[in-house]
Amino acid sequence: MPLPEKCNVVGALVCWQPVGALPCPCLQAHPFILGLKFAFHTPAKLYYVLNFCNGGDLYYLLSRCKKFKEHQARFYAAEVFMALQHLHSLGVIYRDLKPENVLLDSDGHVKLTDFGLSKESQTADTFCGTPVYLAPEIWKRQTYGFEVRARRPPSYSACYRQMHAGVRALMRVWVPQVDWWSLGCVLYEMVCGLPPFWGETIKDVYKKVLHTQPRFPDRQPMERPCQQIIERLLAQV
């Protein structure tokens, strides 16, 4: 439960900082987005009461399991996909998808959290986010946001049919590509154990994102439908 000091909340711009990481009321109706139950204050502090998520986050789970089975990764990726789809339907670019921001409730379902970098806008040009999950447009300092995509995605087998249907539909509407790139990175990490463009330094990450393609394991190759959807999400325009 966030407890910002009231003395630090001065003026409208500063007041946004503690609130920015919390979901606004219009986002709370979705089952895979962390909800703000209610808020109150004392003379000294502001109190925000959120949904209780005692399952930890994907980062903690990955640190213990190293990597997930594909059916487990598919389950988490599909729920994150639907949460992002809901944000996009409201005109919100999330911009900070990473395992640490995907909480798990007592039933094992995801709750997307931390909206401090989210923006309700058609376009943006801010360089922000976690380096290994940043899309090429952000690295290049290009304007990004909602754009029309009309390319036909490849055919995936039945196990990925639901996600494929969503991806196919999104190729024909206005969608922020930077969030789908991050989802591709997170899905790859869940299956392989490390982000696809991991590097020792930010410069290494920058070079890999702009000049290389994700490498898929040879010893324990992933199923073709899983690899296809990762390649689709990480396709550079």
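Small disclaimer: the values here were computed from a predicted structure and weren't measured.

Trainee: Provide a residue-level description of the layout of surface pockets, including the pertinent values.
Mentor: The computed volume of the largest pocket comes to approximately 470 Å³. Lining the largest pocket are 22 residues, and of these Tyr188, Val191, Cys192, Arg215 and Pro217 sit closest to its centre. The leading source of residues in the lining of the largest pocket is helix H6 (residues 177-192), at 3 residues. Tallied by class, the residues present in the lining of the largest pocket amount to 14 nonpolar, 3 polar and 5 charged.

Trainee: Mind laying out the packing of helix H3 (residues 70-89) against H6, listing which residues take part and the relevant values?
Mentor: Relative orientation of the contacting elements H3 and H6 amounts to 165°, with a least axis distance of 10 Å. Judged on the interaxial angle alone, H6 and H3 are roughly antiparallel. For the pair H3 and H6, the sense of crossing is right-handed. Each of Glu70, Ala73, Tyr76, Ala77, Val80, Phe81, Leu84, Gln85 and His88 in H3 lies in contact with H6, whose residues at this interface are Asp179, Trp180, Leu183, Leu187, Met190 and Val191.

Trainee: Can you break down H6 residue by residue, with the values?
Mentor: In a regular helix each residue adds 1.5 Å, so 16 residues correspond to 22 Å; H6 covers 22 Å between its end C-alpha atoms and thus fits that length. Burial analysis of H6 places 15 of its 16 residues in the buried class, the great majority of the element. Immediately beyond the C-terminal end of H6, within one or two residues, lies glycine 193, with a positive phi of roughly 100°.

Trainee: Describe empty space enclosed by the protein, listing the residues and the values that go with them.
Mentor: Overall, the coordinates contain 1 cavity of 30 Å³ or more when judged by the stated rule. Size it by volume and the largest cavity reaches roughly 60 Å³. Around the largest cavity, the lining residues are Arg95, Asp96, Leu97, Gly129, Thr130, Tyr133, Leu134, Ala135, Ile138, Val178, Asp179 and Ser182. Ranked by residue count, the leading element in the lining of the largest cavity is H6, at 3 residues. Here the lining of the largest cavity is built from residues that sort into 6 nonpolar, 3 polar and 3 charged.

Trainee: Could you give an account of the nonpolar core, with specific residues and numbers?
Mentor: In terms of nonpolar packing, the biggest core is built from 54 residues, with Leu84, Leu97, Leu112, Met190 and Ile230 touching the most fellow members. The element contributing the most residues to this core is H6, with 10 residues.

Cut-offs applied
- What you see as residue numbers is a count from 1 along each chain, following the sequence as written.
- In view of the model being predicted, local features appear only for residues whose pLDDT reaches at least 70, and side-chain atom pairs are presented and counted only at 80 or more, with totals across whole chains, interfaces and linings using the full set of residues.
- Side-chain calculation: all heavy atoms of the structure are included, whereas hydrogens and water are not.
- A cavity, in this analysis, means grid points on a 1 Å lattice covering only the protein atoms where a 1.4 Å probe fits yet has no way out; a pocket is instead an open set bounded by protein on both sides within 12 Å along at least five of seven lines, and a residue lines either one if it has an atom within 4 Å of a point.
- Grid points are joined across faces, edges and corners, and a volume is the space filled by probe spheres set on the points.
- Only DSSP runs of H or I covering at least 4 residues are called helices, and only runs of E covering at least 2 are called strands; the numbering of each starts at the N terminus.
- Note that Gly is not counted as nonpolar here; it falls among the polar residues with everything else outside the nonpolar set of Ala, Val, Leu, Ile, Met, Phe, Trp, Tyr, Cys and Pro and the charged set of Asp, Glu, Lys and Arg.
- Lines fitted to C-alpha atoms define the axes here, with helix axes fitted over just the stretch in contact, and angles between the N-to-C directions of these axes take values from 0 to 180 degrees.
- To sort the angles, those under 35 degrees are grouped as roughly parallel, those over 145 as roughly antiparallel, those from 65 to 115 as roughly perpendicular, and the leftovers as oblique.
- In this scheme the handedness of a crossing depends on how the near helix is turned from the far one: anticlockwise by less than a right angle means left-handed, clockwise means right-handed.
- Contact criterion: two residues are considered in contact whenever any of their non-hydrogen atoms come within 4.5 Å of each other.
- Helix span is expected to be 1.5 Å times the residue number reduced by one.
- Remark: exposure states derive from per-residue accessible area (1.4 Å probe, protein chains only) relative to the maximum for the residue type, with buried under 20%, exposed over 50%, and partly exposed in between.
- The term nonpolar core refers to a set of buried residues drawn from Ala, Val, Leu, Ile, Met, Phe, Trp, Tyr and Cys, joined through side-chain atoms within 4.5 Å.

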